[in-house]
Structure formats: structure tokens, C-alpha cells
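Summary of the model geometry
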Amino acid sequence: MDLNLMNEGGGEFIRFKPSANEWIVDGEEHDLKGFTLDPSSLKTGWGLIQAGEAPDWKWDSQVGVKSQKPEGDYKRGFAVDVFIKGVGWREWSANGVGVLKGFQALWSDLQGGIAENKDKCVQASYEKSVSETIGRGQTRIPMFVVGSWVESPKMAEEIGEKSEPIAENIF
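The structure reproduced in this document is the subject of the present report. Just so it is clear, the model here is predicted, and its values are computed rather than measured. (Residues numbered from 1 in each chain as written. Predicted model: local features only at pLDDT ≥ 70, side-chain atom pairs only at ≥ 80, totals over all residues. Heavy atoms only, no water.)

Concerning helix H1 (residues 97-114)
A rise of 1.5 Å per residue sets the reference length of H1, with its 18 residues, at 26 Å; its end C-alpha atoms lie 25 Å apart and thus fit the reference within 8%. Bending of H1 peaks at approximately 25° at the position of Ser108. Packed against the buried residues of H1 are strand E1 (13-17), strand E4 (34-48), strand E6 (75-84), strand E7 (88-94), strand E8 (121-134) and strand E9 (137-150). (Helix = DSSP H or I, 4+ residues; strand = E, 2+ residues; numbered from the N terminus. Expected span 1.5 Å × (residues − 1). Bend = angle between axes of the 7 residues up to and from the residue. Contact = heavy atoms within 4.5 Å.)

Brief notes about the pattern of salt bridges
Counted by the stated rule, this structure contains 8 salt bridges. The partner of Arg90 in a salt bridge is Glu12, and the shortest N-O contact between them spans 3.8 Å. Of the two residues, Arg90 is situated in strand E7 and Glu12 in the segment before E1; the sequence distance between them amounts to 78 residues. Between Lys43 and Glu91 there is a salt bridge; the shortest N-O distance is 3.9 Å. Highlighted residues: Lys43 in strand E4 and Glu91 in strand E7, separated in sequence by 48 residues. Assessed through its relative accessible area of 30%, Glu91 is described here as partly exposed. Among the ionic contacts, a cluster of salt bridges with common partners joins Glu12, Asp26 and Arg90. (Salt bridge = Lys/Arg side-chain N within 4 Å of Asp/Glu carboxyl O. Buried < 20%, exposed > 50% of the residue type's maximum accessible area, 1.4 Å probe, protein only.)

A look at unusual backbone geometry
Phi is positive for Asn21, which is not a glycine, with a value near 55°. One can find Asn21 in the loop between E1 and strand E2 (22-25). Among the residues examined, Asn21 registers a relative accessible area of 38% and is labelled partly exposed. Of note, the phi angle at Asp26 is positive, near 55°, even though the residue is not glycine. Checked against the element boundaries, Asp26 lands in the loop between E2 and strand E3 (28-30).

Quick look at the nonpolar core
Counting residues in hydrophobic clusters, the biggest one holds 24 residues, and the most contacted among them are Phe35, Leu37, Trp92, Phe103 and Leu106. Secondary structure elements with two or more residues in this core: E1, E2, E4, E6, E7, H1, E8 and E9. Each residue touching Phe103, except ones within four places of it in the same chain, is listed here: Leu37, Leu42, Phe78, Val80 and Trp92. (Core = buried A, V, L, I, M, F, W, Y, C linked by side-chain atoms within 4.5 Å.)

Printed below as a string of C-alpha cells:
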């Protein structure tokens, strides 16, 4: 029996790459339309993300409460689990300014629904990215629209059932 332990692709993840204005899923460019986000999975902290190396994170003990900065080139960042239709669950983590601004806006938009939708996930559509000058450099900020609150796709994925199509069939 093959245990499928050898992943030559470098891992399962999703990233927004501002320099190329593209989404990367599992190391490949992906035409992202939207995802289902699990708010309960959010972690904030200090991240050291370098090309060719696994990210090194020092998580806050409480989401949004800044812990002491570790020595080195660590920057504030986040990680959250998202479900991408046709791909599955992936961790989205980042510590770049443009992505952080985009995620902060998304998080602020969904705050009103978290209390009344405990243990649910939220659908978010990726609309576009906008260019912004920060200091002497340029970045892109991903823009999202918050959609419906839904049961977690985790259960359906774990037991192998297909869930009903939802919201334009992009989730």
C-alpha cells in the first residue's frame, strides 16, 4: 500500500504573489475565484518566510495579541485554513505588507458574522488586486467579498461525500 508520503511538489499551500499578481497553489499558478475560510483556524504571529525554505513561525499565544519579536528578519503575519474547490484544504500564510492588508480587510468584513456563525466557515470571493506604493516599493493588495456562512467542508471531505454546489460554484 502506497502511503503517499513523498510530496515532490514542496507541500500543500496557497500564496498570493504580489510581484506577479498571481495566486500559487501547491507551487503552481492558480486562477483563484474564491475559497471557504475557517475562522477558527486563524493564527497570528511572527513569520520568517524565505525562498526555498519552510516558513518558520512563532505564533502568538492569543490571536491578535502581539508576542515578543524573535531575533532575525521575522515579520508579523498570519496563517488560516481555506478550502479551494477541486483542490481541498490548504494553509494560507503570509507576512508581506500587501497580503496582510488584504487579509486584514477580509477579516474585518467577516467580524460581524463570527459570533452568530460559531463553528461555521465563510465563503469569500477573490475580486482583484490593487497596486499600492509602500515606502519606495510597490505591492498589490488582494481584494475579497465576503459571502455566505456555511458548514465546514471538512466533514464532507473526510467522509468522501460531495456537498451541494454553492454560490456560483466557485467554492
